[in-house]
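# A closer look at the structure
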Amino acid sequence: MSGEIKKDIRKLSLAELEEFFLSVGDKKFRAKQVYDWLWNKKLKNFEEMTNISKATREMLEHHFVINHIRVDQMQRSEDGTIKNAVMLYDGKIVESVLIPTPKRITACVSSQVGCSLDCNFCATARLKRMRNLHPDEIFDQVVAIMEEAKIYFDRPLTNIVFMGMGEPLLNYANLLEAIDKITSPEGLGMSPKRITVSTVGVCKMIRKLADDEVKFNLAVSLHSAINETRSRLMPINDTNPLEELAEALKYWYAKTKRKVTYEYVVWKGINDDEPHALALAKFCQIIPSKVNLIQYNPIDDGEFQQADPEKISLYVSVLESFGIVAKVRKSRGQDIDAACGQLANKNDLITEG
Ligand code: SAH
């Protein structure tokens with residue numbers, strides 16, 4: 001093959017793979033066999049595709065490569081959390097996290113290299129967005145964590161949250177394709193009910209999720225139900241204000257009948273008073289929802305501080321008085337910068353490209 005760049009076979013859909021096999025005079029069902037090796041058995045080379053003839057394997061080798069991610073560095077927290085620095089085929093790095101609890105093992109995966117959203121309190125925002133992850137790169141992060149769950153905990157992966165680097169809804173098509181590979185029986189066969197996609201609140205895309213009748217769960221990073229405060233924290237609120245977010249969420253609920261989870265950090269002197277707690281409780285009345293009060297994980301410059309415990313209690317009692325379920329979430333993996341908003345490739349330099 002005179003210097004021609006080989007295609008990554010995992011960029012092909014099943015239909016494209018079928019077309020390929022027909023074009024080389026082979027049978028259509030061969031595509032299904034190869035697809036199964038790639039997405040269900042998670043093979044990383046052609047040699048091990050044992051139900052396929054040697055000649056066909058060599059032919060595949062001649063036309064294609066299988067690019068896959070590599071766990072470049074793995075760190076383990078004293079609480080058991082594992083953070084993977086994952087190297088992509090072009091040398092860029094993203095991070096994913098395995099979070100063990102007595103009942104669950106959750107994978108927190110990235111959807112973009114860096115992020116474009118500029119939330120003031122988030123370390124990933126400092127990286128800017130460099131590129132979207134491909135479906136196979138999202139899939140591979142999940143597979144890497146599945147393997148670690150087996151090796152280090154001898155338990156299966158139970159849940160996936162898209163709360164790593166990036167805004168999943170700004171990488172919409174690839175996100176949905178990856179989730180399809182994770183949930184379909186030809187892929188990993190996980191239940192979509194065990195998957196949660198977290199968004200900063202991109203209204204148009206929340207509506208699209210509803211239109212596409214997705215079966216996974218939705219979380220929204222709210223952090224304030226008062227526009228002025230939310231805009232200070234998250235510039236996205238200037239173009240997607242709370243009134244519009246509320247409408248998009250009503251649309252989501254009307255179509256899916258599924259609750260949303262609001263992610264919410266209470267910061268000292270920013271949103272730790274009663275008016276903010278009341279505004280959140282009112283916002284929660286819009287559609288059935290629950291609240292995760294997440295601990296603030298300090299990033300370097302110290303501009304933001306976690307609110308005092310009595311302010312968190314104030315939130316809990318206000319929310320409870322409105323009949324809203326609120327859980328106070330402890331942070332995991334802080335010692336290795338693996339907690340929410342701390343993913344920033346501290347140990348590696350990413351080259352802009
Ligand atoms: N872009 C999506 C996915 C990222 S999820 C989203 O915004 O939802 C990461 C979660 O951690 C979000 O809820 C985010 O608001 C929160 N977060 C960001 N920085 C944080 C920090 N320093 N401490 C605690 N939570 C943080």
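These lines cover the structure that appears in this document, whether it is placed above or below. (Residues numbered from 1 in each chain as written. Predicted model: local features only at pLDDT ≥ 70, side-chain atom pairs only at ≥ 80, totals over all residues. Heavy atoms only, no water.)

Here we take up helix 4 (residues 135–153). An ideal rise of 1.5 Å per residue puts 27 Å on 19 residues; helix 4 measures up with 27 Å between its terminal C-alpha atoms. Two residues or fewer past helix 4, Asp154 is found with a positive phi of approximately 50 degrees. (Helix = DSSP H or I, 4+ residues; strand = E, 2+ residues; numbered from the N terminus. Expected span 1.5 Å × (residues − 1).)

The subject of this paragraph is the site of the ligand. Within the structure, the ligand sits among 21 residues, and Glu167, Ser198, Ser221, His223 and Asn297 are positioned closest to it. With respect to the ligand, the side chain of Ser198 contributes an N or O atom lying 2.6 Å from an oxygen atom. Contacts to the ligand include Thr199, whose backbone N or O atom sits 3.4 Å from an oxygen atom. In isolation the ligand offers 540 Å² of accessible surface; the protein chains occlude 95% of this area. (Near = heavy atom within 4 Å. Polar contact = N/O pair within 3.5 Å; in protein donor to acceptor, adjacent residues only side chain to side chain. Areas by Shrake-Rupley, 256 points an atom, 1.4 Å probe, with all protein chains shown as cover.)

As a further point, take the packing of aromatic side chains. Centre distance and the angle of the planes are the two values used to describe a pair of aromatic rings. Throughout the structure, instances matching the rule amount to 11 aromatic pairs. Taking the centre distance of 5.8 Å and the plane angle of 65 degrees together, the rings of Trp267 and Tyr296 count as edge-to-face. Placement of the pair is Trp267 in the loop between strand 12 (260–264) and helix 10 (274–283) and Tyr296 in the loop between strand 13 (289–294) and helix 11 (309–321), with a sequence separation of 29 residues. When sorted by exposure, Trp267 lands in the same class as Tyr296, which is buried. Among the aromatic residues, ring-to-ring pairing joins Phe121, Trp267, Tyr296 and Phe304 into one connected group. Over the face of the ring belonging to Trp39 we find Lys181, whose NZ or CZ atom lies 4.5 Å from the ring centre. (Phe/Tyr/Trp six-rings, centres within 6.5 Å; stacked < 30°, edge-to-face > 60°. Buried < 20%, exposed > 50% of the residue type's maximum accessible area, 1.4 Å probe, protein only. Lys NZ or Arg CZ within 6 Å of the ring centre and 35° of its normal.)

Take the environment of Ile182 next. Residue position: Ile182 is located in helix 5 (residues 172–183). Taking the C-alpha atoms as reference points, Ile182 and Leu245, separated by 63 residues in sequence, lie 28 Å from one another. Apart from residues lying up to four places away in sequence, Ile182 is in contact with Phe139, Val142, Ile160, Leu188, Gly189, Met190 and Ile195. (Contact = heavy atoms within 4.5 Å.)

Positive phi values are uncommon outside glycine, yet Asp118 reaches one of about 60 degrees. By secondary structure assignment, the location of Asp118 is in the loop between strand 7 (112–113) and strand 8 (131–132). The exposure class assigned to Asp118 is partly exposed, which follows from its relative accessible area of 33%. Its identity as a non-glycine residue notwithstanding, Lys257 has a phi of 60 degrees, on the positive side. Along the chain, the position of Lys257 falls in the loop between helix 9 (242–256) and strand 12. Overall, Lys257 belongs to the exposed group, its relative accessible area being 55%.

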